[in-house]
Each structure stands twice: as C-alpha cells, then as structure tokens.
Amino acid sequence: MAGLQKILITVLVLVLILLALVFSLNNQMAVSLNFLLFETQPHGVAVWIIMSFVIGALVGVLITLLATFRTSVSRRTLKKRLERAEHALEKSRAQNDRVI
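Residues numbered from 1 in each chain as written. Predicted model: local features only at pLDDT ≥ 70, side-chain atom pairs only at ≥ 80, totals over all residues. Heavy atoms only, no water.

Engineer: What should I look at first to understand the overall build of the protein chain in this one?
Structural biologist: Secondary structure assignment for the protein chain yields 2 helices and 4 strands. Starting at the N terminus and ending at the C terminus, the protein chain contains elements arranged as α-β-β-β-β-α. In terms of overall size, the protein chain is more extended than a compact globule, its C-alpha atoms giving a radius of gyration of 28 Å where 100 residues would be expected to give roughly 13 Å. For the C-alpha atoms alone, the extent of the protein chain along its principal axes is close to 85 × 50 × 10 Å. Buried positions account for 5% of the 100 residues belonging to the protein chain. Charged side chains in the protein chain number 11 positive and 5 negative. The centres of these two groups are separated by 2 Å. (Helix = DSSP H or I, 4+ residues; strand = E, 2+ residues; numbered from the N terminus. Rg over C-alpha atoms; globule rule 2.2 N^0.38 Å. Buried < 20%, exposed > 50% of the residue type's maximum accessible area, 1.4 Å probe, protein only. Lys, Arg positive; Asp, Glu negative; His and termini not counted. Charge placed at Lys NZ, Arg CZ, Asp CG, Glu CD.)

Right, dumping it as structure tokens:
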C-alpha cells in the first residue's frame, strides 16, 4: 500500500510539473508589473503567476506554522495548569483523609 501511494504521489508531481511547463511555454509574453512608484523588469506571464503561487504557498505554510506554534504553547500552558490543579486536589484529599 505504501509503495502504491509513493507511485501515485510521484505521478501527481510529474503531472503538475508537466502542466506548469506547458503553461509557461504557452504564456511567454513579457510583462512588467507596476507598484505605485516601482516597476519590475519584464518577465513572462507564467513566471509572475508561478511566483505568486509559490509566494502564496510559502505565506500559507508560515501562517500554519505560527498557528501550530501558538497552539503548542497554549497546550503546554494548559497541561502545566492541569498538573498543578491535580497536585492541589491530591494534597486536599490527603488532608481530608487525615481529618476523617
């Protein structure tokens, strides 16, 4: 099963690479982008689209990593609070057992 999954992933990656190659070959018209006061060097349309896709994917990964880190810190804090509460509960039960 794991071998089949690796083969499917490899085929999918190859198909995506082929699609990107065909896309870039069909969209080679050079354009420059204008940002208010800044203008870029002319590059193919496919280059700009692929770069925007890659940058978007990297930003998505960064946001996911930050959210995961935040959740991990929160989980550790809650775990410590739970351990302290359980310790206090055990201490309270021990004191009640002595009284009774």
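Engineer: Which parts of the structure should I look at to understand the confidence of the model for the protein chain?
Structural biologist: Close reading of the predicted structure is inappropriate where its pLDDT is low. Overall, the prediction assigns the protein chain a mean pLDDT of 90, with 99% of residues at 70 or greater. The least confident element of the protein chain is strand E2 (residues 34-35), whose mean pLDDT is 86; the most confident is helix H2 (residues 45-99), at 92. (pLDDT = per-residue confidence, 0-100.)

Engineer: Looking at this structure, how should I read the layout of surface pockets?
Structural biologist: It is the rolling of a water-molecule-sized probe over the atoms that shows where space remains empty. Put simply, the largest pocket is a space of about 220 Å³. Lining the largest pocket, in full, are Leu16, Leu19, Ala20, Phe23, Ile49, Ile50, Phe53 and Val54. At the level of secondary structure, the elements contributing two or more residues to the lining of the largest pocket comprise helix H1 (2-26) and H2. Of the residues in the lining of the largest pocket, the class split is 8 nonpolar, no polar and no charged. (1 Å grid on protein atoms, 1.4 Å probe; cavity = no way out; pocket = protein on both sides within 12 Å on 5 of 7 lines; lining within 4 Å. Points joined across faces, edges and corners; volume = space filled by probe spheres on them. Nonpolar A, V, L, I, M, F, W, Y, C, P; charged D, E, K, R; others polar.)

Engineer: How should unusual backbone geometry be read in this particular structure?
Structural biologist: In this model, Leu36 sits at a positive phi of 40°, which is unusual for a non-glycine residue. Structurally, Leu36 can be placed in the loop between E2 and strand E3 (38-39). The exposure class assigned to Leu36 is exposed, which follows from its relative accessible area of 92%.

Engineer: For this particular structure, what's the right way to read a nonpolar patch on the surface?
Structural biologist: On the surface, a nonpolar cluster with roughly 550 Å² of combined accessible area is contributed by Ile7, Val11, Leu12, Val15, Leu16 and Leu19. Position of Leu16 among the secondary structure elements: in helix H1. (Patch = residues over 30% accessible without salt bridge, like charges linked within 9 Å, V, L, I, M, F, W, Y side chains within 5 Å. Areas by Shrake-Rupley, 256 points an atom, 1.4 Å probe, with all protein chains shown as cover. Salt bridge = Lys/Arg side-chain N within 4 Å of Asp/Glu carboxyl O.)

Engineer: Is there a simple way to think about H2 in this case?
Structural biologist: In a regular helix each residue adds 1.5 Å, so 55 residues correspond to 81 Å; H2 covers 81 Å between its end C-alpha atoms and thus fits that length. Within H2, burial applies to Ala46, Trp48 and Ser72. On its buried side, H2 packs onto H1, strand E1 (30-31) and strand E4 (43-44). (Expected span 1.5 Å × (residues − 1). Contact = heavy atoms within 4.5 Å.)

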